[in-house]
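What follows is each chain in one-letter form.
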Amino acid sequence: MTAIADLGTTRSTCTASDFQQVTMSRALNLALQDALAGDDRVHLLGEDIGTLGGVFRVTDGLAATFGDSRVTDTPLAEAGILGTAVGMAMYGLRPVVEMQFDAFAYPAFEQLVSHVAKMRNRTRGALPMPLTIRIPYGGGIGGVEHHSDASEAYYTHTPGLHVVTPATAADAYGLLRAAIASDDPVVFLEPKGLYWSKGEIDRSAALPRLGEAVVRRTGPSATLITYGPSLPVCLEAAEAAQAEGWHLEVVDLRSLVPFDDAGVCASVRRTGRAVVVHEAQGFSGFGAEVAARVSERCFHHLEAPVLRVTGFDIPYPPPMLERYHLPDVDRILDTVARLQWEDSTQGGTT
Amino acid sequence: MTAIADLGTTRSTCTASDFQQVTMSRALNLALQDALAGDDRVHLLGEDIGTLGGVFRVTDGLAATFGDSRVTDTPLAEAGILGTAVGMAMYGLRPVVEMQFDAFAYPAFEQLVSHVAKMRNRTRGALPMPLTIRIPYGGGIGGVEHHSDASEAYYTHTPGLHVVTPATAADAYGLLRAAIASDDPVVFLEPKGLYWSKGEIDRSAALPRLGEAVVRRTGPSATLITYGPSLPVCLEAAEAAQAEGWHLEVVDLRSLVPFDDAGVCASVRRTGRAVVVHEAQGFSGFGAEVAARVSERCFHHLEAPVLRVTGFDIPYPPPMLERYHLPDVDRILDTVARLQWEDSTQGGTT
Amino acid sequence: MTVLYPPSAGEDSGTVLLPSSEPLSLIDAASGTESLDASVLLELYRHLVRGRRFNQQATALTKQGRLAVYPSTTGQEASEVGAVLALDPQDWLIPTYRDTLALLVRGVDPVDALTLLRGDWHSGYDPLTHRTAPLSTPLATQTPHAVGLAHAAALRGDKLVVLAMIGDGGTSEGDFHEAMNFAAVYRSPVVFLVQNNGYAISVPISKQSAAPSLAHKAIGYGMPGVLVDGNDAAAVYHEVRQAVERAREGGGPTLIEALTYRIDAHTNADDATRYRDTAEVEFWLQRDPVTRMERHLRGRGLLDDAEVARIRQEAEDMAQDLRSRLATDPSPVALDLFDHVYAHRTPQLEEQRSLLAEELAAAQSVHADGAEEVRR
Amino acid sequence: MTVLYPPSAGEDSGTVLLPSSEPLSLIDAASGTESLDASVLLELYRHLVRGRRFNQQATALTKQGRLAVYPSTTGQEASEVGAVLALDPQDWLIPTYRDTLALLVRGVDPVDALTLLRGDWHSGYDPLTHRTAPLSTPLATQTPHAVGLAHAAALRGDKLVVLAMIGDGGTSEGDFHEAMNFAAVYRSPVVFLVQNNGYAISVPISKQSAAPSLAHKAIGYGMPGVLVDGNDAAAVYHEVRQAVERAREGGGPTLIEALTYRIDAHTNADDATRYRDTAEVEFWLQRDPVTRMERHLRGRGLLDDAEVARIRQEAEDMAQDLRSRLATDPSPVALDLFDHVYAHRTPQLEEQRSLLAEELAAAQSVHADGAEEVRR
Ligand SMILES: Cc1ncc(C[n+]2csc(CCOP(=O)(O)OP(=O)(O)O)c2C)c(N)n1
Ligand SMILES: Cc1ncc(C[n+]2csc(CCOP(=O)(O)OP(=O)(O)O)c2C)c(N)n1
Ligand SMILES: [Mg+2]
Ligand SMILES: [Mg+2]
């Protein structure tokens, strides 16, 4: 498997250096640490983020370093947490909220949709919401029900929100810093299955711009469009596809909103074929938007319909059955095989 | 404008007869009345649905007829209402919940996604959720913010829910009866802009099956795929299009989940072109699913990409600006004009 | 090691937090209010008169189609006015959807205060200038905002207090509970003012709560609860002021229930006769907050006919000004729809904005041609 | 015309709802519990011993990878056992995620009770047979279900009571508030049992609530609140039983706070040393609910060595049975994923089921060929 950690060129690691080989969880931790140190308006709120350091240890040590007024354990009430953060943002702070798991962000849905997303617009810019809402999402960790939802489509459909999801440690660091620096609310989706995957980060690099996809692997045959937890499996599939003679390009969206139309379409126009891959249930999922806009914008370049490999339209399965639900290499390759290769020369573009 | 009320053949109306010419609001009222009378497990819950008869008068007179134990004013708490309904369904009742407006259903989002949608699956069928959740949705009535959201995509993306929306009085009656009779939870979206539109209902007709789209107008040039509040404007557009030489077919989905793939694809295969029309913001909207699946399933029949006419990706506008946001005849016709007519004979199919 | 719980809860730990058993401190018999300066009472009166006139005028404007909708506070002016006047300029007000009058008391221009209800934008005043949040339509959702704002100010060392307003119905929402709890745990400088006007649209308080009073809810969070006569502006002012001062000194939040009544229907669109009888309204008209204050001030010799006439004229002028400024429809700019969704327009919004701009230009040129509107 | 509010609230209307100021009715000095039948006390003891053994065994099974996760109730057995035994067979239990032990007391087979935590399905027992809802993972969301169920039963004229269980942290959620309020307004036959075990994962109760006790929350809804020693099974049984009887007779809901302590970490995956010291745990080990009951029964001559040995052996047999029945992995059927989403599979689910069925068949045939796994 082409692990996400292998993507960057490896440099010698040294604790004091800006370059570090770290887990995604640690990359996020460092991003929070640097954001807290760099801007005293940054405040972290959430359940168990203080003394415990969060159930995924993303906030480990931060309360000790910055004190509980900067890193605050809240009562157990997600609407209250997000609503409190809205008020803090109204006063000019930059709250970073942690939701403990994807499904436990739902109680805050009204605050998110009706206030976080709309406050700037409502007030013609007078009350911006420079909020970051961190949500661990996705499956593959054997979690019981409500611990593995991929809820991105609820957020991508909500105007006023940015929706960002890293797939590498470097992006986890860079995108989280960029999210916190953004003057708009960012739903920051952390692929919990990748928390312990490793990669190199550079704490001194310029912050990435939100809204740019990245090509993780080039190839002329077809484009796999994916993000977050599904990137490693897409890269693995691309590797395996070579045996079948397909040279797949892999695009990591990173930012779902704003969407990188230019980047995605450039790839699909090159390859003429596309498969969208994500964990969430497919129906009305984010992949539908990707497929619809790619079909619309690249219509004459398409040799085959844009296909989707997604979770089934079922409640997230219990731990022992989740592997049947999640996109895997075989299902991706089966789908690539359905891209009507008989109609044209493989990998051909129009 | 081809009003929705003109669709059926008009018969002479008489109060005692099964056929009646009524507003959609009244059709819904009669459906509730007949459901209450026909099944003592049916209970209505909501804010102001009793004495007041609901802010849209959909429950008018029902508390007086059936008593407040059947038609109950609740405290003002949407999660509490839906959660209470879940418990009632666990005990074998068939609760029908009213949410007062679209955006005021968001507080109940967790109950909806994590319980209503999942309870049957969780218990392998032992605890079905024969719940109906009525939500007035959409705009065009000059409502202030939070009163005009089109929130269907949040629900269509949630496995375990059915999502149904009528566009005529007849469907309002029939589909609501069918929703209440369903052993599964149905999110029943009522296009509030059409509450006062009139049409004929037949209280003795067989209940429609959920999951079937209907062709409201036939035509060989292109298919407009729509539902709920956008049906009248699509019919009007189809009428106007004749002047341009386009004979548009109009498909009213009625049921978003389950989706009528067969019906929709049959139409698009006939016409070779499709435009999806809805009020909700387009990005990650339900139209994306329609466009994606039509593009995938009808790829070789398509003369042009499937296009979408939707609300913009903005918070719903204030009353004085909503007309710029909502799909109108001109925007639909402009979009139809972009269906690459130059490439083929008009209205041609493959 | 302190594992015993509640650590310091003695026999009376709950009882002391209960509202007084004599909650209705009628203005004429009020103890605390007696101590209020005459100037404060007169200021309250002035705002009551102005507020009443505003309510009448705004309701009239709905009939003329100048406002989309108006939720009146006729009958509730004492609570709106008394509470807001108790704030200092640096304090913040977090209103709920009915509180247009509170905005006025806070100094917002009446036309700007009505933007939401007129329909040209969602909110029409600068929240930072007025230290006043936009009117919150989703009920109770504003209460955690109040806590967050107060918490933020406290973290920054700024001694400001936040007044969060909510209706009786709103207290049933989970967000109210969560906000009360957060405020109590953080000892945030927030005053929660519940205007219990007897109804949530058509639903009477008896179907909303079985508590002895809504003020009793305070005890479950560990904060003081106060029940006050909401038709007595002086009493409301006094109680809110006390709570504000306690909060400012670090004493934490307070819940105040102001018992009042909504004389008008829920909004102009509502038919209140469906759910309440006129006798009930009559009863409350006897306790009219404006009349009561006037009678009280006259009785104490603080107000004479001339002053009453002057104040009424001032209110009349405001109404006249409002009428004329609302006489023409505003012309909100359609393309503004795209300008405040984000700090910078996304590429997608750029595209959509261009589409609308083209449509508008096409419609414009059709219009300029003087032609019948035809297809763009 | 009754417009005065609160209609019948006298001076003490709040005070009478307050929890007693002597909440900790230690078993040896208990008044009400003295009246309990010896057979009830023995039954409580039997379940305590069994429950403790179950907690130990389940925790051990997580270490062996036989369970995905286990949130233990070691230290809380008195609350789990006492509350559930107070129910009659027709009553319903609505548990929260930690209450596996409550399921056992209710008669659910231990293996079925563990289905969620083993990971072969979301819930493993028939809720109708056991009149027990599935364990609710999203905190507090189960409390309105309890109200709805109780309300439905009352509407149907069925005299059953619903016990809703929740943790201290869960009381901060809006759903808890809404459920309490609905129950009080509808006077539904619900008993809310809050197990205050001092922590919500790492967050101590002092950061969760500033109330004198969680039982004090009852007053804000107009229902009685009771604070009970949650490590005293007899006291819990007694208080829950009283509340159940009151509810059954139409007396409405009750909130009971059982003060207890979570001896183990939050779950096997948690490291409790990060947020609490061992001295605190030691303190609570002194108040161990199993030992206390045993000592009490021995002191009263109701229990001897032989009976203790017999009861322990019974628990041991249960543990042994559990070990052996969980020794092999279950084989949940993948295609079941599609079978209970709706009453009937939608066309879309049919398609998806076929896709998975084909994949499984392909994998199967590869397997049958004895070949290396290759691309299907
Ligand atoms: C979350 C939410 N649910 C429902 C509504 C619809 N609604 C608007 S006002 C109202 C009644 C409010 O009653 P109350 O809180 O007592 O305030 P009042 O109208 O009496 O000032 C309702 C149900 C809403 N605005 N928000
Ligand atoms: C809505 C929701 N938010 C967060 C969680 C994650 N979570 C699981 S258990 C827990 C702590 C619960 O504390 P408490 O209610 O005191 O119960 P206890 O664990 O002590 O039994 C949290 C935060 C959840 N399950 N549901
Ligand atoms: Mg009210
Ligand atoms: Mg706890």
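To start, this report covers the structure provided alongside it. Residue indices begin from 1 for each chain and proceed along its sequence in written order. The order in which chains are written sets their letters, starting at A; the order in which ligands are written sets their numbers, starting at 1. In view of the model being predicted, local features appear only for residues whose pLDDT reaches at least 70, and side-chain atom pairs are presented and counted only at 80 or more, with totals across whole chains, interfaces and linings using the full set of residues. Note: side-chain values were computed over all heavy atoms of the structure, leaving out hydrogens and water.

Counting from the N terminus, the helices are the DSSP runs of H or I reaching at least four residues and the strands are the DSSP runs of E reaching at least two. Helix and strand counts for chain A come out as 12 helices and 14 strands. Computation of the radius of gyration draws on C-alpha atoms alone. For the globule rule, the value is 2.2 Å times the number of residues to the power 0.38. A compact globule built from 350 residues would reach a C-alpha radius of gyration of about 20 Å, and chain A, at 20 Å, matches this within 12%. Projected onto its principal axes, the C-alpha positions of chain A cover 65 × 50 × 40 Å. Note on exposure labels: buried denotes an accessible area under 20% of the residue type's maximum, exposed denotes more than 50%, and partly exposed covers the range between, all computed with a 1.4 Å probe on protein chains only. Within chain A, buried positions represent 74% of all 350 residues. We call two residues contacting when some pair of their heavy atoms lies within 4.5 Å. Considering only residue pairs separated by 6 or more positions, chain A has 81% of its internal contacts joining residues 24 or more positions apart. Total accessible area on chain A is roughly 9,000 Å²; 49% of this is exposed by carbon and sulfur atoms. To be clear on the numbers: accessible area is Shrake-Rupley with a 1.4 Å probe, and residue cover counts the displayed protein chains and nothing else.

Next up on the list: the coordination of the magnesium ion (ligand 4). Ideal values differ by geometry: the angle at a metal is 109.5 degrees with four tetrahedral donors, but 90 or 180 degrees with six octahedral donors. All names here are of chain D. The donor definition counts N, O and S atoms within 2.8 Å of each metal and applies 3.2 Å to Na, K and Ca; water is not among these atoms, so some sites may look incomplete. Summarising the metal site, the magnesium ion (ligand 4) is bound by the protein donors Asp168 (OD), Asn197 (OD1) and Tyr199 (O), whose distances to it range over 2.0 Å. Counting gaps between the donor residues of the magnesium ion (ligand 4) yields the pattern D-x28-N-x1-Y. Within this pair, whereas Asp168 is found in the loop between β2 (162–167) and α8 (174–186), its partner Asn197 is found in the loop between β3 (190–196) and β4 (199–200), the two being separated by 29 residues in sequence. In this structure Asn197 comes out as buried when scored by relative accessible area, which is 4%.

To continue, consider the pattern of salt bridges. All names here are of chain C. We define a salt bridge as a contact between a side-chain nitrogen of Lys or Arg and a carboxyl oxygen of Asp or Glu at a distance within 4 Å. Under the criterion given, the structure shown has 96 salt bridges over all chains. Across the salt bridge formed by Arg52 and Glu77, the nearest N and O atoms sit 2.6 Å from each other. On the criterion of sequence distance, the pair formed by Arg52 in helix α1 (residues 38–63) and Glu77 in helix α2 (residues 77–85) is long-range, its members being 25 residues apart. What makes Arg52 buried here is its relative accessible area of 15%.

Moving on: the relation of the copies chain A and chain B. The copies were overlaid with a least-squares fit restricted to C-alpha atoms from residues scoring a pLDDT of at least 70 in each copy. Note on the copies: chain A fits chain B at an RMSD of 0.0 Å, the axial shift is 0.0 Å, and the rotation between them is 180 degrees. Look at the turn and shift together and you get a two-fold axis relating the two. The residues that chain A uses at the interface reappear at the interface of chain B in 100% of cases, marking a shared surface.

Turning next to helix α9 (residues 261–271) of chain B. Each α-helix winds once per 3.6 residues, and so residues spaced three or four apart point in a common direction. Residue and element names in this part refer to chain B. Three or more residues of α9 are buried, namely Asp261, Val264, Cys265, Ser267, Val268 and Thr271. Seen along its axis, α9 keeps its buried residues to an arc of 160 degrees; they face one direction. Downstream of α9 by one or two residues, Gly272 has phi in the positive range, about 80 degrees. Note: the arc covers the axis-to-C-beta directions of the helix.

All names here are of chain C. Here the magnesium ion (ligand 3) is held by the protein donor atoms Asp168 (OD), Asn197 (OD1) and Tyr199 (O), which lie 1.9 to 2.1 Å from it. Ordering the donors of the magnesium ion (ligand 3) by residue number gives the pattern D-x28-N-x1-Y. Note that Asp168 is positioned in the loop between β2 (162–167) and α8 (174–186) and Tyr199 in strand β4 (residues 199–200), a separation of 31 residues in sequence. We classify Tyr199 as buried; its relative accessible area is 8%.

Consider each residue's heavy atoms; a residue with any of them within 4 Å of a molecule or strand counts as near. Residues in contact with ligand 1 amount to 21 residues; listed here are only the nearest, Glu78(B), Tyr97(C), Arg98(C), Asp168(C) and Asn197(C). Close to ligand 1, residues of chains A, B and C are found. We define a polar contact as two N or O atoms separated by no more than 3.5 Å, with the added condition that, inside protein, one atom must be a possible hydrogen donor and the other a possible acceptor, whereas residues neighbouring each other in sequence contribute only through side-chain atom pairs. In the environment of ligand 1, an oxygen atom lies 2.9 Å from a nitrogen or oxygen atom belonging to the backbone of Gly170(C). With respect to ligand 1, the side chain of Asn197(C) contributes an N or O atom lying 2.8 Å from an oxygen atom. Alone, ligand 1 offers 580 Å² of accessible surface; in the complex the protein occludes 96% of this. The nonpolar class holds Ala, Val, Leu, Ile, Met, Phe, Trp, Tyr, Cys and Pro. Asp, Glu, Lys and Arg form the charged class, and all remaining residues, Gly among them, are polar. Here the shell around ligand 1 is built from residues that sort into 8 nonpolar, 7 polar and 6 charged.

Looking now at the interface of chain A and chain B. Counting residues at the interface gives 52 residues for chain A, matched by 52 residues for chain B. Contact between chain A and chain B buries roughly 4,400 Å² in total, counting both sides, with carbon and sulfur atoms accounting for 60%. At the surface where chain A touches chain B, the tally comes to 6 salt bridges. In this structure, the salt-bridge partner of Glu289(A) is Arg308(B), at a minimum N-O distance of 2.8 Å. By buried area we mean the combined loss of accessible area, with a 1.4 Å probe, across both parts when two parts are placed together.

What follows is about the site of ligand 2. Taken together, the neighbourhood of ligand 2 is formed by 21 residues, with Glu78(A), Tyr97(D), Arg98(D), Asp168(D) and Asn197(D) sitting nearest. Each of chains A, B and D places residues next to ligand 2. A distance of 2.8 Å is found between an oxygen atom of ligand 2 and a backbone nitrogen or oxygen belonging to Gly170(D). At 2.8 Å from an oxygen atom of ligand 2 is found a side-chain nitrogen or oxygen belonging to Asn197(D). Protein contacts shield 97% of the accessible area of ligand 2, which totals 590 Å² for the unbound molecule.

Counting 282 residues, the largest nonpolar core has Tyr155(A), Leu253(A), Tyr155(B) and Leu253(B) as its most contacted members. Not counting residues within four places of it along the chain, the set of residues in contact with Tyr155(B) comprises Ala105(B), Tyr106(B), Phe109(B), Leu112(B), Ile135(B), Leu161(B), Val163(B), Val187(B) and Leu189(B). What is meant by a nonpolar core is a set of buried Ala, Val, Leu, Ile, Met, Phe, Trp, Tyr and Cys residues, joined one to another through side-chain atoms within 4.5 Å.

What follows concerns the pairing of strand β7 (residues 186–191) of chain A. Residue and element names in this part refer to chain A. Among the 6 residues in β7, 6 count as buried, and that is most of the element. Taking every second residue as pointing to the same face, both faces of β7 are buried, with Val186, Phe188 and Glu190 on one and Val187, Leu189 and Pro191 on the other. Here, strands pair whenever DSSP counts at least two bridges between them. Pairing analysis gives 6 bridges linking strand β5 (residues 132–137) to β7, with the strands arranged parallel. Note on β7: the bridge partner recorded for Ile135 is Leu189. Bridge count between strand β6 (residues 162–164) and β7: 3 bridges; the pairing is parallel. Considered in β7, the bridge of His162 is made with Val186. In this fold, β6 hands off to helix α7 (residues 169–181), which returns the chain to β7; that crossover is right-handed. When the strands point away from the viewer and the connection leading from the first strand across the helix to the second strand turns clockwise, the crossover is called right-handed.

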